[in-house]
Amino acid sequence: MKKEDWPRTEKGNKKECHGRLPPQVPETSFLADPTHRKKTVGKHFYSLAALSKKSLVSTQLASKMKCAYGYMLYDIRSLNWEDDATTIKNMAKAPLEHRFGEHKYCSEKWCRVLQAKKEGKSYSPPALDPFLCKKKDKQIYEQFKEIFDKFTSEKILKESLHWMNTQQNEAMNNVIARLCPKNKHLSETTTLLTRVCIAITYSNIGISKMYSLLLQRLGVPITGHLKMCLEYLDQIRTRSAK
């Protein structure tokens, strides 16, 4: 589309453009990072826990609702809105309704009530983590529902229907920041390049394999104790990634 065809308004004898894009250009759409979206929702839950006089929500309950919302995002990411819109909407209701004893939106994969029902048994929640009641805990339900209505809208859910995240990128940045602290002036030195290469190698193949290859090329023998320590560090890294 030519610039002269852009929408303009008359002002005096000159045509002025307001900087708007042509009507034919579609609106830009964005995808949400699931971890950041979970943190954003969690802030709203924790803000309720901070209102000691106006809210009955505890910090433990806010944490559980935050995790439940995150699990929901994980479950819907492989679905398609055009084909599974109703399923997605129902799954988005599950975290809130499950906490208040309503299990028609739950899945047998994770809901112990449905699992017990399938086996012909009854399920009683732990004494320290009981189901809430919509009547007795009406205030909590309404406060949670206001948050869920905001973060389970069609636009918000569509932004989460993907398998991508920024976890790997953030993990890489953390490793580089640890090896190349900002309080040290490294500039364009070989030291900076070496440290960044170490960070990339560490993120790609793990600390155990990285040091094993390095010591092997240097001709340094790897003792059993050293190998055990490196494998232990890799186990810690793998557990934290999960």
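Since we're looking at a predicted model, the values are computed, not measured.

Undergrad: So what about the nonpolar core? Which residues, and what values?
TA: The biggest cluster of nonpolar side chains holds 27 residues, and the ones touching the most others in it are Phe45, Tyr69 and Phe144. Those elements giving two or more residues to this core turn out to be helix H1 (34-50), helix H2 (59-76), helix H3 (81-99), helix H5 (138-151) and helix H6 (154-158).

Undergrad: Mind laying out H1, listing which residues take part and the relevant values?
TA: Look at H1: 24 Å from first C-alpha to last across 17 residues, which is about the 24 Å you get at 1.5 Å a residue. Those residues of H1 that sit buried are Arg37, Val41, Gly42, Phe45, Leu48 and Ala49. For H1, the angular spread of buried residues about the axis comes to 135 degrees, placing them on one side. What points out from H1, more than 90 degrees from its buried face, is the exposed set Lys43 and Ala50. Elements that come into contact with the buried residues of H1 comprise H2, H5 and H6.

Undergrad: Describe in detail the packing of aromatic side chains, supporting the description with residues and values.
TA: The final tally for this structure, using the stated rule, is 4 aromatic pairs. Grouping aromatic residues by their ring pairs yields a cluster made of Phe45, Tyr69, Phe144 and Phe148.

Undergrad: Before we move on, can you summarise the layout of surface pockets with the specific residues and values?
TA: Its volume calculated, the largest pocket comes out at about 670 Å³. Ala68, Tyr71, His98, Arg99 and Trp110 are the residues nearest the centre of the largest pocket, which is lined by 25 residues in total. Sorting the residues of the lining of the largest pocket by element identifies H2, H3 and helix H4 (112-118) as the ones contributing at least two each. The element contributing the most residues to the lining of the largest pocket is H2, with 8 residues. Class assignment of the residues belonging to the lining of the largest pocket gives a composition of 16 nonpolar, 3 polar and 6 charged.

Reading guide: rules and limits
- Residues numbered from 1 in each chain as written.
- Predicted model: local features only at pLDDT ≥ 70, side-chain atom pairs only at ≥ 80, totals over all residues.
- Heavy atoms only, no water.
- Core = buried A, V, L, I, M, F, W, Y, C linked by side-chain atoms within 4.5 Å.
- Buried < 20%, exposed > 50% of the residue type's maximum accessible area, 1.4 Å probe, protein only.
- Helix = DSSP H or I, 4+ residues; strand = E, 2+ residues; numbered from the N terminus.
- Expected span 1.5 Å × (residues − 1).
- Arc of directions from axis to C-beta.
- Contact = heavy atoms within 4.5 Å.
- Phe/Tyr/Trp six-rings, centres within 6.5 Å; stacked < 30°, edge-to-face > 60°.
- 1 Å grid on protein atoms, 1.4 Å probe; cavity = no way out; pocket = protein on both sides within 12 Å on 5 of 7 lines; lining within 4 Å.
- Points joined across faces, edges and corners; volume = space filled by probe spheres on them.
- Nonpolar A, V, L, I, M, F, W, Y, C, P; charged D, E, K, R; others polar.

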